[in-house]
Amino acid sequence: MPHPTQLDTPRGPARVDTDLPAAAPTSLLVLGHGAGGAVDAPDLLALRDAARDAGVVVARVTQPYRVAGRRAPAPAGHLDEAWTAVLATLRHRHPELPLLVGGRSSGARVACRTARAVGAAGVVALAFPLHPPGRPERSRADELVTGLPTLVVNGDRDPFGTPAAAGPVEVVVRGGERHDLRRDPTGTAGVVLTWLRAHGWAR
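Residues numbered from 1 in each chain as written. Predicted model: local features only at pLDDT ≥ 70, side-chain atom pairs only at ≥ 80, totals over all residues. Heavy atoms only, no water.

A tally of helices and strands in the chain yields five helices and eight strands. When the helices and strands of the chain are read in sequence order from the N terminus, they spell out β-β-β-α-β-α-α-β-α-β-β-β-α. Taking 203 residues into account, the globule formula puts the C-alpha radius of gyration at 17 Å, and the chain, at 15 Å, falls close to it. In terms of its C-alpha atoms, the chain occupies a principal-axis envelope of roughly 40 × 35 × 30 Å. (Helix = DSSP H or I, 4+ residues; strand = E, 2+ residues; numbered from the N terminus. Rg over C-alpha atoms; globule rule 2.2 N^0.38 Å.)

Below is the structure:
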């Protein structure tokens, strides 16, 4: 069962649902939600289950605007500020574990933008929204350039596009999946777990 807690941030209280593995943990994976979504999205839950069973502490962070009941996302700077505050607390609670950050869509963008500042070892980006639908000229590819090992898992039917692999950024494109990655969440989680194990972050 997850342990939900509320944490104060400069942008209001955030909620953190933490799931602990049965055995000694190998790493800490912190995940954020999509812009209008929640931390119970199918891909996030499937990843939580797979990672926890492989020895990973999984913390799912609900941004303050969602805790307050709003669907419209806060500005990017506010999201980053709240996320960074939560990460500082989680790092303090698990100082001995490698820190991995990620999430889906907007949450993946936040994780990428702040990865270096929070001391992450790697990034997991599910359904990274490369550009607004129909606007490929407004690319967000620069947000993926962190210099850290990064895994992007996108669907081949995602209207937000799919970034290209480059340097430490690996990209896995899942056939038949759209932006919600709902078709086969267990398979998506398996892709991430393979990557985590390859880096020694999961058993």
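And the narrative resumes.
This paragraph deals with helix 4 (residues 106-114). When you tally the buried positions in helix 4, you get seven out of nine residues, the bulk of the element. Those residues of helix 4 that sit buried are Ser 106, Gly 107, Ala 108, Val 110, Ala 111, Cys 112 and Thr 114. Turning to helix 4, the residues buried within the fold contact strand 3 (27-32), helix 3 (76-93), strand 5 (99-104) and strand 6 (122-126). (Buried < 20%, exposed > 50% of the residue type's maximum accessible area, 1.4 Å probe, protein only. Contact = heavy atoms within 4.5 Å.)

Although it is not a glycine, Ser 105 adopts a positive phi angle of roughly 55°. Along the chain, Ser 105 falls in the loop between strand 5 and helix 4. Although it is not a glycine, Ala 127 sits at a positive phi angle of roughly 55°. Take Ala 127: it is sitting in the loop between strand 6 and strand 7 (150-155).

On to the nonpolar core. Grouped together as the largest cluster of nonpolar side chains are 31 residues, with contacts concentrated most on Leu 28, Val 30, Trp 83 and Val 101. Every element with two or more residues in this core is listed here: strand 2 (14-19), strand 3, strand 4 (56-62), helix 3, strand 5, helix 4 and strand 6. If one sorts the elements of this core by residue count, helix 3 sits on top with five residues. When near neighbours in sequence (up to four residues on either side) are disregarded, Trp 83 contacts Val 30, Leu 31, Gly 32, Val 61, Gln 63, Val 101, Gly 102, Val 110, Ala 111 and Thr 114. One finds Leu 126, Leu 151, Leu 193 and Ala 202 within the second-largest nonpolar core, a separate group that totals 24 residues. (Core = buried A, V, L, I, M, F, W, Y, C linked by side-chain atoms within 4.5 Å.)

Attention now moves to empty space enclosed by the protein. Throughout the structure, instances matching the rule amount to one cavity of 30 Å³ or more. Roughly 60 Å³ of internal volume is contained in the largest cavity. Lining the largest cavity, in full, are Gly 32, His 33, Val 61, Gln 63, Tyr 65, Leu 79, Trp 83, Ser 106, Gly 107 and Val 110. Of all elements in the fold, only helix 3 and helix 4 reach the threshold of two or more residues within the lining of the largest cavity. Considering every element that reaches the lining of the largest cavity, the biggest residue donor is helix 4, with three residues. Residue classes in the lining of the largest cavity are distributed as five nonpolar, five polar and no charged. (1 Å grid on protein atoms, 1.4 Å probe; cavity = no way out; pocket = protein on both sides within 12 Å on 5 of 7 lines; lining within 4 Å. Points joined across faces, edges and corners; volume = space filled by probe spheres on them. Nonpolar A, V, L, I, M, F, W, Y, C, P; charged D, E, K, R; others polar.)

Helix 5 (residues 185-198) packs onto helix 1 (residues 42-53) with a crossing angle of 50° between their chain directions and a minimal axis gap of 8 Å. Taken together, helix 1 and helix 5 sit at an angle that is classed as oblique. For the crossing formed where helix 1 meets helix 5, the hand is right-handed. Residues Pro 42, Asp 43, Ala 46, Leu 47, Ala 50 and Ala 51 of helix 1 lie in contact with helix 5, whose contacting residues are Pro 185, Thr 186, Ala 189, Val 192 and Leu 193. (Axes fitted to C-alpha atoms, helices over the stretch in contact; angles between N-to-C directions. Parallel < 35°, antiparallel > 145°, perpendicular 65-115°, else oblique. Left-handed = near helix turned anticlockwise from the far one by under 90°.)

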